[in-house]
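Residue-level structure breakdown
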Amino acid sequence: MGASDFNSRRSWTRPEFIDGVLVAVFALTLLVPGLFWFRGKDERALVHQENREPAPFPRPPHSLEELSRWTDGFESWFNDSFPGRHLLIRNRNRLRWMMGGTLDAKVCLVGKERWIFTRDNDVVEKHLGQRPFTSERLREITTTLERRRAWLKERGIRYLVVVGPDKHGIYPGNMPSWFHEARGATPMDQLVAALPDDFADSFLDLRDLLRSEASRELIYYRLGTHWNDLGAFHAARAIADRLRTWFPDMPGLQLSDWRIRWERGLGDSWGRQLHMEDDLTQRLPRLQSLRPKPWREVSTWIKGAKDLVTRRADGKGPRIMILHDSFGEVPRVYLAGCASSLTAVWNLYFEDRLIETHQPDVLIHLVVERNLDQGVFKGGGRARVDLGGKALAAARRRATGTWTNPVLGEMKVVDDPGGDLVLTSPQGRIPLVNRGPFNWAGKAPPFDAMRVEITPASAWSPESLQVVDPRVPAPLVWVRPAEVPKTGPFARIVGRYERDGEITTIVPVDRRAAIFGASGEFLGLLSPLDEEGETFQIEGRLRCRVVRTADGLDLHLPAGRLHAKRLP
């Protein structure tokens with residue numbers, strides 16, 4: 001056999017070449033995910049960008065029926081965990097964007113000039129008049145608002161309902177070409193028409209004002225959902241103007257007191273949820289005050305770690321409480337300059353005892369337009385609910401026991417045969433009388449009208465006992481004591497830390513760890529992001545990664561990295 005015969009037999013035909021390419025591609029497909037393991041990308045941490053928690057790993061099955069559910073759970077876990085997930089999602093969305101601007105139609109809508117609008121809670125259909133309120137729901141909302149205003153009036157508190165307009169109604173010209181003006185009344189139109197005439201001073205419709213401002217300047221995020229800092233200022237100024245009709249001496253808001261600086265950045269953008277942070281940037285207005293700030297931040301905790309408490313040094317202005325959703329995050333900062341004290345709770349639920357405890361001069365309910373049907377009418381404003389025998393006994397069992405705060409010490413709550421509960425603290429023995437579900441009241445120096453509340457564990461906070469007093473800016477928080485773990489993610493991070501002279505203490509709670517400041521204030525909750533216990537997530541208003549180092553902890557923030565040194 002000659003060399004030419006051998007070479008002719010070894011040469012590849014076209015089908016063999018194609019088969020070889022397919023085998024190589026298949027092998028590369030299997031190899032690439034493994035490379036991401038070594039790259040160290042934490043895919044599960046990036047799931048938080050989609051405003052949800054990653055699916056947990058399912059518990060081991062113990063029957064055939066549980067095995068079927070386990071496979072579904074494993075698939076959900078794997079879909080949130082497989083290496084390269086972030087890159088694949090980003091490149092898929094980037095390709096769609098490059099091919100004409102189409103994105104995930106279930107969550108967002110791309111309009112003219114590549115403006116992005118949310119589809120949350122059927123908002124597009126509502127602005128087309130296709131999801132009106134039923135007469136029963138409309139009556140429920142209006143009745144609840146009137147009942148709340150009367151309930152607050154009995155306590156000397158003003159009531160103001162503020163609706164943050166959807167971007168769809170402020171910039172309808174940037175919606176897709178098929179979007180037309182509503183063929184029927186929108187839910188907001190219905191509510192405005194249904195409210196009684198005497199409720200007009202307690203309801204603030206911002207749509208006309210913001211449409212006028214939008215014709216002159218960009219006041220909503222082009223690629224996001226919310227109003228930007230400039231739009232939030234216009235909303236806050238309108239609220240302040242309304243409040244000044246009730247409180248004439250209240251400090252006002254003037255845009256001339258601020259410098260507007262435009263820059264390019266991410267801001268409120270769908271880029272984060274779609275894993276396209278580098279692609280979906282936009283023009284952002286930043287407002288810089290030309291005068292010294294007249295207020296200081298006292299706390300970020302009332303009911304959750306996203307709250308805000310401020311105090312004005314000169315005491316000018318009314319005591320303001322705001323119950324709000326995400327549309328209130330920026331306006332509340334501007335309104336802090338108008339209030340002697342501001343208590344902003346990132347929760348729309350109307351909680352009677354919370355309002356009675358803080359005794360504001362005015363309560364503001366700020367809700368985004370698309371959530372009128374599931375937000376503003378929920379909660380109380382009714383008479384106090386007395387617990388029945390079994391319910392009260394269960395509440396007392398839940399409250400009893402030992403509670404700890406690493407700075408303020410321990411407190412014990414015990415059953416009192418002659419009353420409800422007794423709290424034993426450094427201030428002495430304090431009898432407590434039940435005032436509602438998991439809510440007791442007592443009187444002891446320095447608390448003249450203290451309330452004790454037991455709050456269940458949530459994604460943002462551990463189970464806690466909170467002591468609240470109208471004169472105290474924020475609740476004092478105690479948690480259930482737990483033994484320092486010998487192994488596991490938290491075994492090596494609990495303890496005391498120092499950064500720039502500030503002392504922070506981390507104590508274990510149920511499968512997590514609570515962070516307390518130098519004065520005993522609750523700062524947040526730590527959850528592990530890896531099994532090795534090297535990286536954690538702070539749950540709360542400020543979500544950031546916490547990485548364990550040889551001598552302490554590194555906090556990775558959007559603005560940079562901070563280091564806290566561990567103390568003996």
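On a predicted model such as this, the values are computed, not experimentally measured, just so you know. (Residues numbered from 1 in each chain as written. Predicted model: local features only at pLDDT ≥ 70, side-chain atom pairs only at ≥ 80, totals over all residues. Heavy atoms only, no water.)

**Comments concerning the overall build of the protein**
Broken down by element type, the protein carries 15 helices and 27 strands. By the burial criterion, 47% of the 568 residues in the protein qualify as buried. Pairs at least 24 apart in sequence give 58% of the contacts found in the protein among residues at least 6 apart. Of the roughly 28,900 Å² of accessible surface on the protein, 54% is carried by carbon and sulfur atoms. (Helix = DSSP H or I, 4+ residues; strand = E, 2+ residues; numbered from the N terminus. Buried < 20%, exposed > 50% of the residue type's maximum accessible area, 1.4 Å probe, protein only. Contact = heavy atoms within 4.5 Å. Areas by Shrake-Rupley, 256 points an atom, 1.4 Å probe, with all protein chains shown as cover.)

**Brief notes about the sheet that holds strand β11 (residues 362-368)**
Reading across from one edge, β4-β3-β11-β9-β10-β8-β7 is the order of the 7 strands in this open sheet, with mixed pairing throughout. Looking along the sheet, the strands with just one partner apiece sit at the ends: β4 (203-205) and β7 (295-299). The sheet shows a mean angle of 20 degrees between the axes of neighbouring strands, taken without regard to direction. In terms of strand pairing, β7 meets strand β8 (residues 308-312) through 4 bridges, oriented antiparallel. Among the inter-strand pairings, Arg 296 is bridged to a residue of β8, identified as Arg 311. Lying on the sheet, helix α7 (residues 135-154) is in contact with β3 (158-164) and β11; it crosses β3 at an angle near 145 degrees. (Pairing = 2+ DSSP bridges. Axes fitted to C-alpha atoms, helices over the stretch in contact; angles between N-to-C directions.)

**With respect to the packing of aromatic side chains**
Tallied over the full model, the rule gives 18 aromatic pairs. With centroids separated by 6.1 Å and ring planes inclined at 85 degrees, the aromatic side chains of Phe 57 and Phe 74 adopt a geometry described as edge-to-face. On the criterion of sequence distance, the pair formed by Phe 57 in the loop between α3 (43-46) and α4 (64-81) and Phe 74 in helix α4 is long-range, its members being 17 residues apart. An aromatic cluster is built from Trp 115, Phe 117, Tyr 171, Tyr 220, Trp 227 and Phe 327, whose rings are joined through pairwise contacts. The ring of Trp 97 is capped by Arg 114, whose NZ or CZ atom sits 4.5 Å from the centre of that ring. It is Arg 480 that lies over the ring of Trp 403; its NZ or CZ is 3.8 Å from the centre. (Phe/Tyr/Trp six-rings, centres within 6.5 Å; stacked < 30°, edge-to-face > 60°. Lys NZ or Arg CZ within 6 Å of the ring centre and 35° of its normal.)

**Digging into the pairing of β8**
With 4 of its 5 residues buried, β8 lies for the most part within the structure. Where β8 and strand β10 (residues 341-345) come together, 4 bridges link them in antiparallel fashion. Paired with Leu 308 across the two strands is Ala 344, which belongs to β10.

**Considerations on the packing of helix α10 (residues 207-214) against helix α11 (residues 229-244)**
Any two packed helices are characterised by the angle at which their axes cross and by the distance between the axes. Closest axis-to-axis distance for the α10/α11 pair is 11 Å, and the angle between their directions is 140 degrees. When the interaxial angle is binned, α10 and α11 end up oblique. Once α10 is placed against α11, the crossing between them reads as right-handed. From α10, Leu 209, Leu 210 and Glu 213 reach across to α11, where they touch Gly 231, His 234, Arg 237 and Ala 238. The class makeup of the residues in the contact of α10 with α11 is 3 nonpolar, 2 polar and 2 charged. (Parallel < 35°, antiparallel > 145°, perpendicular 65-115°, else oblique. Left-handed = near helix turned anticlockwise from the far one by under 90°. Nonpolar A, V, L, I, M, F, W, Y, C, P; charged D, E, K, R; others polar.)

**Thoughts on the nonpolar core**
Residues Ile 239, Leu 243 and Ile 364 are the most contacted members of the largest nonpolar core, which totals 47 residues. The dominant element in this core, judged by the number of residues it contributes, is α11, at 9 residues. Apart from the residues lying within four places of it in its own chain, the contact partners of Ile 364 are Leu 160, Val 162, Ile 239, Leu 243, Ile 320, Met 321, Ile 322 and Leu 323. Membership of the second largest hydrophobic core comes to 28 residues, among which are Leu 145, Leu 152, Leu 195 and Phe 203. (Core = buried A, V, L, I, M, F, W, Y, C linked by side-chain atoms within 4.5 Å.)

**What about a nonpolar patch on the surface?**
There is a patch of nonpolar side chains on the surface, built from Phe 57, Phe 74 and Phe 78 and spanning about 290 Å² of accessible area. Structurally, Phe 78 is set in helix α4. Among the residues examined, Phe 78 registers a relative accessible area of 40% and is labelled partly exposed. (Patch = residues over 30% accessible without salt bridge, like charges linked within 9 Å, V, L, I, M, F, W, Y side chains within 5 Å. Salt bridge = Lys/Arg side-chain N within 4 Å of Asp/Glu carboxyl O.)

**Points about the side chain of Asp 229**
Note on placement: Asp 229 falls in helix α11. Here Asp 229 falls in the buried class, since its relative accessible area comes to 14%. The residues touching Asp 229, leaving out its near neighbours within four places in the chain, are Tyr 221, Pro 285, Arg 286, Leu 287, Val 330 and Tyr 334.

**A look at the pattern of salt bridges**
Under the defined criterion, the tally for this structure stands at 28 salt bridges. Between Arg 119 and Glu 125 there is a salt bridge, and its shortest N-O distance comes to 3.2 Å. Residue classification places Arg 119 among the partly exposed positions, given a relative accessible area of 23%. In this structure Glu 125 comes out as buried when scored by relative accessible area, which is 15%. One salt bridge connects Arg 137 with Glu 140, and the closest N-O pair in it is separated by 3.2 Å. Separated by 3 residues within a single helix, Arg 137 and Glu 140 lie in helix α7, roughly one turn from each other. Taking relative accessible area as the criterion, Arg 137 reaches 31% and is therefore assigned partly exposed. One network of salt bridges, with partners in common, ties together Asp 229, Arg 261, Glu 263 and Arg 286.

**Regarding the confidence of the model for the protein**
Looking at the protein, pLDDT values average 84 and 86% of them are 70 or higher. Taking the mean pLDDT of every element in the protein, the minimum, 48, falls on helix α1 (residues 3-10) and the maximum, 98, on α11. Note on residues 3-8: pLDDT under 50 across the span, and 1 contact to partners over four residues away in sequence or across chains. The model gives residues 36-41 a pLDDT under 50, and that stretch makes 7 contacts with residues more than four places away or in other chains. (pLDDT = per-residue confidence, 0-100.)

**Focus: α11**
With 16 residues, α11 should cover 22 Å at 1.5 Å per step; its first-to-last C-alpha distance of 22 Å lies within 8% of that length. Among the 16 residues in α11, 12 count as buried, and that is most of the element. Turning to α11, its buried residues are Asp 229, Leu 230, Gly 231, Ala 232, Phe 233, His 234, Ala 235, Ala 236, Ala 238, Ile 239, Ala 240 and Leu 243. (Expected span 1.5 Å × (residues − 1).)

**Some details on the pairing of strand β24 (residues 535-539)**
Among the 5 residues that make up β24, 5 are buried, leaving the element largely enclosed by the rest of the structure. Side chains of β24 alternate between two faces, with Thr 535, Gln 537 and Glu 539 and Phe 536 and Ile 538 buried alike. Both strand β23 (residues 522-528) and β24 contribute to a ladder of 4 bridges, which runs antiparallel. Note on β24: the bridge partner recorded for Leu 526 is Ile 538. Joining the antiparallel neighbours β23 and β24 is a turn of 6 residues, in which Gly 533 adopts a positive phi near 75 degrees. Examined bridge by bridge, β24 and strand β25 (residues 545-548) share 3 bridges and lie antiparallel to one another. Across the sheet, Gln 537 pairs through a bridge with Arg 545, a residue of β25.

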